[in-house]
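Here is what each chain is made of, one letter per residue.
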Amino acid sequence: MRQLQQRKDCWENKPMQITKKYLESRRYEMDAVFNNIKADLQELADYFCPRAVRFLVDDIDKPLKRNKKILDSTPLIAVRNFSSGMATGATSPTLRWFKINVRNKKLKKDYFVKKWCTDVENLLRDIFNSSPLYICLPDVYSQMGIFLFSALAFEKDYENVIHCKVLPMGSYRYAKDEKGRVNALVREYKETARNILKKFGEKNCSHNVKEAAKNKPLARFSIVHIVIPNPNHKINSPWSSDKKFLSVYYEVAGENEKFLEMGGFDIFPYVIFECKNNGEDTYPSDGPGINALSDVRQLMSLVKEYAKAVKKIVSPAYKGPSALKNKRISDVPGAFVEEDDNGRGLSPIYEVNPRVLELKAEKDDTKQTIKEHFYNDLFAMILNTAERGRTATEVNELKEEKMVLLSPLLMQIYSSLRQIIEITFYYCIQFNLVPEPPQQLKGENMEIEFVSILAQALKAQNIASMERFTTFTINLANTIDPTLKYKINGCQMIDDYADFANIDPAQIQPTENVEAIKQQIMEQEQTQQLLNQAAQGSEVIKNVGGADAFGGELMSRLGFA
């Protein structure tokens, strides 16, 4: 009985064998889900970015193709403005767009905790500035706006801590866990034989790759990289193959079960940016690109009709006598036009009134609608409102109204940006770059707060409310009761205002220091008051006893001696 139990335990604890067949089955599962939306993605690519996708693995290093569906550049401009607006408004490299906080509200006021959080923020910003992150993010936002999702790959880098790159749309598929978090991604791409040999080593490459590296080093071979939850995960194991996520590279036409590389990650190395998801769907179903697609189709149709109408006005078809058929007629202004013997000349076959102005107005309205789908009107809000002579109050109200429309998408973006910060912080810990935290932070949870331009626009209402409340209270105290001004907790309001306005904590004195200064001022005032009282007492004595009076004589004069 004991032997049977031992065999059962051995069988249950036996690690799962990772084979190429198993990985290919996972790949085909993800591919089947992606194929459901592939046609829509291809149509979006045709109208918005025909040269920036890779739905076929062979679509690499090919000449630029002329796209016949794009007859107007408005969709391209709308995407460009969306990408630039998001990159500047949400993740500007020149501004502080995130900050690190502690969840414990009591510790948030601690000076040393604030100082440590600021040091960590500066470290992360330096890493982001030295990495390709800010180069990749505009492309990420473009893909997200058009296709509703995009992927950013992260790798550990011994020079810049992190290295990232944007995956071409159509070259990857992903899957999610039961909580809707992306936990698996597979990608097929082509690489040169020389680069494969350099990256994975000669002993791991197939015979064909080795031969090509010698004779045709630029010959390309298909490679699959798959990252999935590791079925053989072991906590605290030093082996990379026991990590939380399994990472495997292999050649599509490789030899048998031979892998180019098998390793693992403790943290998922991809960040997926997504728009709105519908329930348990793997891929998002609502966003700027898919919503603007019908308007883009209509715009291209209007462009054709508008061109036809203009052409009929400028270069109409003519009719005339057959005697003028082979004669060259000049269309230069002021030229002599010949007629036949009966006085007949050339005239348009039919005269039309295509109402070009109405067509142009409809075309312009459609263009504006496409730009609104990509929030171009929000990013140009200040410029447009200034041109129309609106007041600052009207501008703020319009900005708040537009930010309400953008906030759902912005929250999705912040969810992905939070993953970027967490991955970078994890690598910083591995490289031992994080400064020693104060003792107060032991066992505490940290949180990430976004304070970019767009985030500040969302918080602008809080700042306006604080200013209105302060003004109201002070006016009430000046007109009714001066003691009402003590209802305001000045230190707390300044701290809250600084948080909303994204002020560096180093520029603000801790509340403890302010209280100490207030106590010192009060003591100085009390001391000065006692000195003033003493001086006033001396004056009284002099006035009562005269200039030559002394203590005993004065007491006698007053009747006390």
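Residues numbered from 1 in each chain as written. Predicted model: local features only at pLDDT ≥ 70, side-chain atom pairs only at ≥ 80, totals over all residues. Heavy atoms only, no water.

A.B. asks: Help me understand the packing of aromatic side chains, please; the structure alone is not making it clear to me.
C.D. replies: Remark: the centre distance and the inter-plane angle together describe each pair of aromatic rings, the angle taken between the planes. Evaluation of the coordinates by the stated rule reveals 20 aromatic pairs. Taking 4.5 Å as the distance between ring centres and 50° as the angle between the ring planes, the aromatic pair formed by Tyr174 and Tyr283 counts as tilted. With a gap of 109 residues between them, Tyr174 in strand 4 (residues 172-176) and Tyr283 in the loop between strand 9 (270-274) and helix 8 (288-314) connect regions that are remote in the sequence. Given the relative accessible area of 1%, Tyr174 is considered buried. When the ring of Phe200 is compared with that of Tyr249, the centres are 5.1 Å apart and the planes differ by 50°; the resulting orientation is tilted. Taken as a pair, Phe200 in helix 6 (residues 193-200) and Tyr249 in strand 7 (residues 245-251) lie far apart in primary sequence, 49 residues in all. On the accessibility criterion, Phe200 (7% relative accessible area) is buried. Relative accessible area serves as the criterion here: at 8%, Tyr249 is assigned to the buried category. These aromatic residues form a ring-pair network of at least three members: Phe34, Phe149, Tyr172, Tyr174 and Tyr283. Over the aromatic face of Tyr306 sits the side chain of Lys363, whose NZ or CZ is 4.8 Å from the ring centroid. (Phe/Tyr/Trp six-rings, centres within 6.5 Å; stacked < 30°, edge-to-face > 60°. Helix = DSSP H or I, 4+ residues; strand = E, 2+ residues; numbered from the N terminus. Buried < 20%, exposed > 50% of the residue type's maximum accessible area, 1.4 Å probe, protein only. Lys NZ or Arg CZ within 6 Å of the ring centre and 35° of its normal.)

A.B. asks: Where do I start with the nonpolar core in this structure?
C.D. replies: Side chains of a nonpolar character, in soluble globular proteins, are inclined to be buried together. Judged by nonpolar contacts, the single largest core of 89 residues is most densely connected at Phe128, Tyr141 and Phe273. When residues in this core are grouped by element, the largest group, 12 residues, is from helix 12 (residues 392-430). Excluding residues that lie within four positions of it along the chain, Phe273 makes contacts with Leu137, Val140, Tyr141, Met144, Leu148, Phe149, Ser150, Ile413, Ser416, Leu417 and Ile420. Among the nonpolar cores identified, the runner-up in size contains 13 residues, and Met30, Ala175, Ile226 and Leu246 belong to it. (Core = buried A, V, L, I, M, F, W, Y, C linked by side-chain atoms within 4.5 Å. Contact = heavy atoms within 4.5 Å.)

A.B. asks: Explain the pattern of salt bridges here, please?
C.D. replies: Oppositely charged side chains can form a pair if their charged atoms are brought close together. All told, the structure shown has 16 salt bridges when counted by the stated rule. A salt bridge links Arg297 to Glu43; the nearest nitrogen and oxygen atoms lie 2.9 Å apart. Here Arg297 is found in helix 8, whereas its partner Glu43 is found in helix 2 (residues 20-48), with 254 residues between them in sequence. The class for Arg297 is partly exposed, based on a relative accessible area of 37%. Across the pair Lys243 and Asp266 runs a salt bridge whose closest N-O atoms are separated by 3.4 Å. Linking Lys243 in the loop between strand 6 (220-229) and strand 7 with Asp266 in the loop between strand 8 (261-265) and strand 9, this pair joins segments that are 23 residues apart in sequence. (Salt bridge = Lys/Arg side-chain N within 4 Å of Asp/Glu carboxyl O.)

A.B. asks: I tried to follow the environment of Ile488 on my own but got confused; where do I start?
C.D. replies: Among the structural elements, Ile488 can be located in the loop between helix 13 (453-479) and helix 14 (490-500). Remark: the alpha-carbon pair of Ile488 and Thr470, spanning 18 residues in sequence, is separated by 7.7 Å.

A.B. asks: Which parts of the structure should I look at to understand the confidence of the model for the protein?
C.D. replies: For residues with low pLDDT, the predicted coordinates do not support detailed interpretation. For the protein, per-residue confidence averages 81 on the pLDDT scale, and residues scoring 70 or more make up 79% of the total. Predicted confidence in the protein is weakest over helix 1 (residues 2-12), with a mean pLDDT of 46, and strongest over strand 9, with 96. Overall, residues 1-11 carries pLDDT values under 50, and its contacts beyond four positions in sequence, including any with other chains, amount to zero contacts. When the criterion is pLDDT under 50, residues 385-392 qualifies, and its contacts beyond four places in sequence or with other chains add up to five contacts. (pLDDT = per-residue confidence, 0-100.)

A.B. asks: What is the right way to read the environment of His207 from this model?
C.D. replies: With respect to the helices, strands and loops of the structure, His207 is situated in helix 7 (residues 207-215). Residues His207 and Gly254, spaced 47 residues apart in sequence, show a C-alpha to C-alpha distance of 8.6 Å.

A.B. asks: Explain the layout of surface pockets here, please?
C.D. replies: If a probe the size of a water molecule is rolled over the atoms, the empty space left behind becomes visible. The calculated volume of the largest pocket comes to roughly 810 Å³. As for the largest pocket, its lining consists of 33 residues, and the residues nearest its centre are Phe154, Glu155, Tyr249, Glu261 and Phe265. Looking at the lining of the largest pocket, the elements with two or more residues in it are strand 2 (149-157), strand 3 (161-166), strand 5 (182-192), helix 6, strand 6, strand 7, strand 8 and helix 12. For the lining of the largest pocket, a count of residues per class yields 16 nonpolar, eight polar and nine charged. (1 Å grid on protein atoms, 1.4 Å probe; cavity = no way out; pocket = protein on both sides within 12 Å on 5 of 7 lines; lining within 4 Å. Points joined across faces, edges and corners; volume = space filled by probe spheres on them. Nonpolar A, V, L, I, M, F, W, Y, C, P; charged D, E, K, R; others polar.)

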